[in-house]
Amino acid sequence: MGKREVIKVVKGQAVSDGDGVQLTRVIGNGELKEHDPFLLLDEMRSDNPGDYIGGFPDHPHRGFETVSYMLAGSMEHHDSTGESGIIGAGGVQWMTAGRGVIHSELPKQDKGLLWGFQLWLNLPADEKMSPARYRNFAPEDIPQVLRDDGAIIKIIAGEVDGVKGAVSGISTDPLYIDIALPPHGLFTQSVNIGHSSFAYVIEGTLEGENLQKGSAAVFGEGDFIEIGAGASGARVLVFAARPLNEPIARYGPFVMNTKEEIQQAIKDYNNGTLTG
Ligand code: FE
């Protein structure tokens, strides 16, 4: 094998979701509906409270995982299990919705910068109805690697230079890392053959691929990826995971394998039995 080439560049699209929250949607509509097992990637980044103050009031999920990663500001969540918490800057919440969660995600601030990401990661058919589970990580719980060239790598999931990420034991064996590269810095990372992978630029530009803030590079096959920062450096989120190769039936916050299972989810939600 060898280096994974960029086979597609996707520009994030402006969308509004929740109660009027302005987002950049990278995966989940338009140019990239999904990138198996990744179902959605949203970036929320604004210092205008009108863009985020409404947050995401009570809504359900079934059949996948949501991963929230904050870089500035904080979000508070409350859910149907009675659990609640605050995700602050640098923190991560890895939520396995499984058979069902109803929760709210609201900004814990009324001014200033709010900057964060939400990834939706699909679950295999035999885990879609598993019990809901939360894993919460404070910034200091996210392992970090410093390379000799000054690159700083935060490892939410997966492994870099022998250092394991905060989250493990996920069936699709995901890699989720946040890389800050110095000007002209070069980052290489091995990726399992057969896994889906992509990188999303959140600051600066990458060399060679006309990739800048707000754009994602989808990689082809190979056993490693290489990312080169432009003259002002770059910050990039890099993802990889084993594709499920299962049918996807998708309706808003429910992602199942068949239309019947979606109808069941809607029924369960309306009956008040979604969360089991
Ligand atoms: Fe949610």
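Reference entry: report on the structure contained in this document. (Residues numbered from 1 in each chain as written. Predicted model: local features only at pLDDT ≥ 70, side-chain atom pairs only at ≥ 80, totals over all residues. Heavy atoms only, no water.)

**Here's the deal with the pattern of salt bridges**
Then comes step 1: Scanning all chains against the criterion turns up 11 salt bridges.
Then comes step 2: Of the charged contacts, one joins Glu 226 and Lys 3 as a salt bridge, the two residues approaching to 3.3 Å between their closest N and O atoms. Of this pair, Glu 226 sits in strand 22 (residues 224-241) while Lys 3 sits in the segment before strand 1 (6-11); the two residues are 223 residues apart in sequence, bridging distant segments of the chain.
Then comes step 3: The exposure class of Glu 226 is partly exposed, given its relative accessible area of 30%.
Then comes step 4: A salt bridge links Glu 221 to Arg 4; the shortest N-O distance between them is 3.0 Å. Of this pair, Glu 221 sits in the loop between strand 21 (215-219) and strand 22 while Arg 4 sits in the segment before strand 1; the two residues are 217 residues apart in sequence, bridging distant segments of the chain.
Then comes step 5: Relative accessible area serves as the criterion here: at 41%, Glu 221 is assigned to the partly exposed category.
Then comes step 6: With relative accessibility at 2%, the residue Arg 4 sits in the buried group.
Then comes step 7: Look at the salt bridges and you will find they share partners, linking Asp 17, Arg 25 and Asp 42 into a network. (Salt bridge = Lys/Arg side-chain N within 4 Å of Asp/Glu carboxyl O. Helix = DSSP H or I, 4+ residues; strand = E, 2+ residues; numbered from the N terminus. Buried < 20%, exposed > 50% of the residue type's maximum accessible area, 1.4 Å probe, protein only.)

**Some points on the coordination of the iron ion**
Around a metal, the perfect tetrahedron of four donors has angles of 109.5 degrees, and the perfect octahedron of six donors has angles of 90 or 180 degrees.
Then comes step 1: Protein-derived coordination of the iron ion comes from His 59 (NE2), His 61 (NE2), His 103 (NE2) and Glu 105 (OE), at a distance range of 2.1 to 2.3 Å.
Then comes step 2: One can describe the donor arrangement at the iron ion as irregular, given that its 4 donor atoms subtend angles of 83 to 178° at the metal.
Then comes step 3: We note that the donor set of the iron ion lies within a single chain, spaced as H-x1-H-x41-H-x1-E. With His 59 in strand 5 (residues 56-61) and His 103 in strand 10 (residues 101-107), this residue pair connects regions lying 44 residues apart in the sequence. Summarising the burial analysis for this pair, His 59 and His 103 share the class buried. (Donors = N, O, S within 2.8 Å, 3.2 Å for Na, K, Ca; no water. Tetrahedral: all angles 85-135°; square planar, octahedral: opposite > 155°, others 65-115°.)

**A short note on helix 1 (residues 259-271)**
Then comes step 1: Under the 1.5 Å per step criterion, the end-to-end length of helix 1 is 18 Å for 13 residues, consistent within 8% with the ideal 18 Å.
Then comes step 2: All of the buried residues in helix 1 are Ile 262, Ala 265 and Asp 268. All buried residues of helix 1 project into a common sector of 125° when viewed along the axis, lining one side. Residues of helix 1 that are exposed and angled more than 90 degrees away from the buried face: Lys 259, Glu 260, Asn 270 and Asn 271.
Then comes step 3: Of the residues flanking the end of helix 1, it is Gly 272, one or two places downstream, whose phi is positive at about 80°. (Expected span 1.5 Å × (residues − 1). Arc of directions from axis to C-beta.)

**A short note on the sheet that holds strand 8 (residues 84-87)**
Then comes step 1: Spatial strand order, 5-10-7-8: 4 strands in an open sheet with antiparallel pairing. Looking at strand neighbours, the two that pair on one side only are strand 5 and strand 8, the edges of this open sheet. Each adjacent strand pair in this sheet contributes to an overall mean axis angle of 25°, direction not counted. (Pairing = 2+ DSSP bridges. Axes fitted to C-alpha atoms, helices over the stretch in contact; angles between N-to-C directions.)

**Topic: the packing of aromatic side chains**
Then comes step 1: Scanning all chains against the criterion turns up 10 aromatic pairs.
Then comes step 2: Pairing Phe 38 with Phe 198 gives two aromatic rings, centres 5.2 Å apart and planes at 80°, and the pair type is edge-to-face. Taken together, the residues Phe 38 in strand 4 (residues 38-46) and Phe 198 in strand 19 (residues 196-206) connect sequence positions 160 residues apart. As far as the burial class goes, Phe 38 and Phe 198 line up, both buried.
Then comes step 3: Both rings, one in Phe 117 and one in Tyr 200, keep their centres 6.4 Å apart while their planes meet at 80°; by these two values the pair is edge-to-face. Within this pair, whereas Phe 117 is found in strand 11 (residues 114-122), its partner Tyr 200 is found in strand 19, the two being separated by 83 residues in sequence.
Then comes step 4: Assessed through its relative accessible area of 0%, Tyr 200 is described here as buried. (Phe/Tyr/Trp six-rings, centres within 6.5 Å; stacked < 30°, edge-to-face > 60°.)

**Section: the nonpolar core**
Then comes step 1: Leu 41, Trp 94, Phe 117 and Tyr 176 are the most contacted members of the largest nonpolar core, which totals 31 residues.
Then comes step 2: Residues within four places of Leu 41 in sequence aside, it is in contact with Thr 24, Arg 25, Val 26, Ile 27, Phe 117, Gln 118, Leu 119, Phe 198, Tyr 200 and Phe 239.
Then comes step 3: Grouped together as the second largest cluster of nonpolar side chains are 24 residues, Ile 153, Phe 187, Ile 227 and Ala 240 included. (Core = buried A, V, L, I, M, F, W, Y, C linked by side-chain atoms within 4.5 Å. Contact = heavy atoms within 4.5 Å.)

**Details of the sheet that holds strand 9 (residues 92-96)**
Then comes step 1: The strand order across the open sheet formed by 7 strands is 2-3-4-11-6-9-12, and the pairing between neighbours is antiparallel. Looking at strand neighbours, the two that pair on one side only are strand 2 (13-17) and strand 12 (133-137), the edges of this open sheet. Strand-to-strand twist in this sheet, taken as the mean axis angle between neighbours without regard to direction, amounts to 20°.

Geometric descriptors of this kind do not, in isolation, establish any biological role.
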